[in-house]
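# Coordinate analysis (summary)
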Amino acid sequence: MSDQTREPARAPEDLAVLFNQRANAGDVEGLVALYEPDAVLAAGRVVATGHAEIRSFYADLLARKSDFPAPETLPPLRNGPLALTFARLPNGALSVEAAREQADGTWLWTIDQLKIAPSKT
């Protein structure tokens, strides 16, 4: 699917929905398209900066995992053209992202932090 045929995020809360759809479709390029070109993604010990590293991260992830259950999305916290988005994954992990409104009114993530699920004691 080309970038021209992919639906853009029209609101910050759309990003998580689009992420889930594209991850389940195995669409690495669609996932990368949810990020600004110089975005930073941190997941555990991995820190990926920019589209090339984010692409590599998702290519590896999708090669190992094909089922992404829909997360519980929480309302974004907005301040003008910036927003924090939140999603609680089924395993209890919390994902927090910073999104920025683009000049065309669409939204992209600029920072993505996936926290590991709390350990059960």
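Described in the following lines is the structure provided in the data block. (Residues numbered from 1 in each chain as written. Predicted model: local features only at pLDDT ≥ 70, side-chain atom pairs only at ≥ 80, totals over all residues. Heavy atoms only, no water.)

## So, the layout of surface pockets
In this structure, the largest pocket occupies an estimated 730 Å³ of space. In this structure, the largest pocket is lined by 36 residues; those nearest its centre are Phe19, Phe68, Leu89, Ser95 and Leu114. When contributions to the lining of the largest pocket are tallied by element, the ones reaching two or more residues are helix 1 (14-24), strand 1 (35-43), helix 3 (50-64), strand 3 (72-79), strand 4 (82-88), strand 5 (94-101) and strand 6 (107-114). A class-by-class count of the residues in the lining of the largest pocket yields 25 nonpolar, 5 polar and 6 charged. In this structure, the second largest pocket encloses a volume near 230 Å³. Around the second largest pocket sit 14 residues that line it, and Pro8, Ala33, Leu34, Thr106 and Leu108 are the ones nearest its centre. Elements with a minimum of two residues in the lining of the second largest pocket: helix 1 and strand 6. The residue inventory of the lining of the second largest pocket, partitioned by class, reads 7 nonpolar, 2 polar and 5 charged. (1 Å grid on protein atoms, 1.4 Å probe; cavity = no way out; pocket = protein on both sides within 12 Å on 5 of 7 lines; lining within 4 Å. Points joined across faces, edges and corners; volume = space filled by probe spheres on them. Helix = DSSP H or I, 4+ residues; strand = E, 2+ residues; numbered from the N terminus. Nonpolar A, V, L, I, M, F, W, Y, C, P; charged D, E, K, R; others polar.)

## Quick word on the packing of aromatic side chains
Considering all chains together, one arrives at 5 aromatic pairs under this definition. Both rings, one in phenylalanine 19 and one in tryptophan 109, keep their centres 6.3 Å apart while their planes meet at 55°; by these two values the pair is tilted. Of this pair, phenylalanine 19 sits in helix 1 while tryptophan 109 sits in strand 6, placing them 90 residues apart in sequence. Note on tyrosine 35 and tyrosine 58: the rings are 6.1 Å apart at their centroids and 40° apart in plane angle, and the pair reads as tilted. Residue tyrosine 35 is located in strand 1, and its partner tyrosine 58 is located in helix 3; the two are separated by 23 residues in the primary sequence. As far as burial versus exposure is concerned, tyrosine 35 and tyrosine 58 are alike and both buried. Taken together, the aromatic side chains of Phe19, Tyr35, Phe57, Tyr58 and Trp109 make up a single cluster linked through ring pairs. (Phe/Tyr/Trp six-rings, centres within 6.5 Å; stacked < 30°, edge-to-face > 60°. Buried < 20%, exposed > 50% of the residue type's maximum accessible area, 1.4 Å probe, protein only.)

## Side note on the pattern of salt bridges
This model, assessed by the stated rule, comprises 5 salt bridges. Arginine 64 is the partner of aspartate 60 in a salt bridge, and the nearest nitrogen-oxygen pair spans 3.1 Å. On the criterion of helical spacing, the pair formed by aspartate 60 and arginine 64 is a turn pair, its members being 4 residues apart in helix 3. Residue classification places aspartate 60 among the partly exposed residues on the basis of a relative accessible area of 45%. We classify arginine 64 as exposed; its relative accessible area is 58%. A salt bridge links arginine 88 to glutamate 72, with the nearest nitrogen and oxygen atoms 3.2 Å apart. Highlighted residues: arginine 88 in strand 4 and glutamate 72 in strand 3, separated in sequence by 16 residues. When its relative accessible area of 42% is taken as the criterion, glutamate 72 is described as partly exposed. (Salt bridge = Lys/Arg side-chain N within 4 Å of Asp/Glu carboxyl O.)

## Observations concerning the nonpolar core
If you look at the biggest cluster of nonpolar residues, it comprises 24 residues, and the most contacted ones within it are Leu34, Tyr35, Leu41, Ile54 and Tyr58. Counting only elements with at least two residues in this core, the list comes to helix 1, helix 2 (28-32), strand 1, helix 3 and strand 6. Ignoring sequence-local partners within four residues, the contact set of tyrosine 35 consists of Leu41, His51, Ile54, Tyr58, Leu108, Trp109 and Asp112. (Core = buried A, V, L, I, M, F, W, Y, C linked by side-chain atoms within 4.5 Å. Contact = heavy atoms within 4.5 Å.)

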